[in-house]
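Here's the letter readout for the chains.
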Amino acid sequence: MPTLTFANTKGGAGKTTVALVLATELARRGHRVSVLDADPQQWASRWHRLSGEAAEFAVINNVAEETIEQQIKDLKKHSGYIIVDLPAGMSPLMAKAIGFSDHVMVPVQGCAMDAVGGAQVLEIMKQLAAQHNIRIPHSVVLTRISSIITTRALLAVRGLLAQQQVNVVNTALVERAAYRDMFVSGGSLYTMDPSRVSNLDKAQENARMLTDDILRLVPPKAARARSAKKVTEAVKDAA
Ligand SMILES: Nc1ncnc2c1ncn2[C@@H]1O[C@H](COP(=O)(O)OP(=O)(O)O)[C@@H](O)[C@H]1O
Ligand SMILES: [Mg+2]
């Protein structure tokens, strides 16, 4: 029952988008999924309300530092994938969510390399390893990549992250109208009207490939036992 947390201290990095694209694709494949919407702006919850019956999983919307531990514990009893969508900013809630994660996903807008918020999370992961010998698997997911060109800038970002020995998910999330429309209309890439959303098939394929990569990184049985409390304290310390 793996827990995946999407973290980047910067807003607009694509956390909620990747989290929901992944959650809907996992659910479509028959995986049990729960989303913990830890963002006070409640984008995931809003999406869930809009989706009605098209949403094939629960979104829990009252997630706070005081409650997240118990919420994850309860869900672990029956939920396949637990996906935590964090707000921007450093917070004790972020520290806790990271502490309870089996894998931390760091969405970064690849082309602009406005990766400062991503770098803060990566720095915390580094400090955890160096100072506390706690290694939480984590990966950068490149988001909002232009579909037209594999830019030099993107290759440079990949190279830079590789140099720092940061894992980068092979498939990047391309900039597509379909991913924006999900927030407007609710539902998934499979409940949209292909005649109204441009390149919907390409968005679906991109989501499938990204999900394949993440499933390889975090298989359904990847949950690990570790002292969450110790990790949470160390993350707070590192942050
Ligand atoms: N791959 C993408 N294609 C098109 N729009 C995107 C994509 N990723 C994110 N966006 C848009 O960018 C904005 C910020 O994304 P969001 O997922 O809300 O970021 P965060 O949760 O990190 O704040 C939203 O308006 C969203 O619709
Ligand atoms: Mg968000």
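Attention in this report is confined to the structure presented alongside it. (Residues numbered from 1 in each chain as written. Chains lettered and ligands numbered in written order. Predicted model: local features only at pLDDT ≥ 70, side-chain atom pairs only at ≥ 80, totals over all residues. Heavy atoms only, no water.)

## What about the environment of Val166?
Heads up, the rule is: Numbering of helices and strands runs from the N terminus; a helix is a DSSP stretch of H or I covering at least four residues, while a strand is a stretch of E covering at least two. Here's how the labels work: a residue is buried when its accessible area is under 20% of the maximum for its type, exposed when over 50%, partly exposed in between, all with a 1.4 Å probe on protein chains only. Contacts are residue-level and defined by heavy atoms, with any inter-residue pair within 4.5 Å sufficient.
Structurally, the position occupied by Val166 is in the loop between α6 (152-163) and β7 (167-168). A residue is classified by how much of its surface remains accessible, and Val166, at 12% relative accessible area, is buried. For the pair Val166 and Val231, spaced 65 residues apart in sequence, the C-alpha separation works out to 20 Å. Setting aside residues up to four positions removed in sequence, Val166 forms contacts with Leu122, Val140 and Leu161.

## Regarding the pattern of salt bridges
Defined as follows: Any carboxyl oxygen of Asp or Glu that lies within 4 Å of a side-chain nitrogen of Lys or Arg is treated as forming a salt bridge with it.
On inspection of all chains with the given rule, the structure shows 10 salt bridges. Of the charged contacts in the structure, one is a salt bridge between Arg29 and Glu25, with a shortest N-O distance of 2.9 Å. Asp213 is the partner of Arg216 in a salt bridge, and the nearest nitrogen-oxygen pair spans 2.8 Å. One end of the pair is Arg216 and the other is Asp213, both in helix α8 (residues 200-217) and 3 residues apart, which spans about a single turn.

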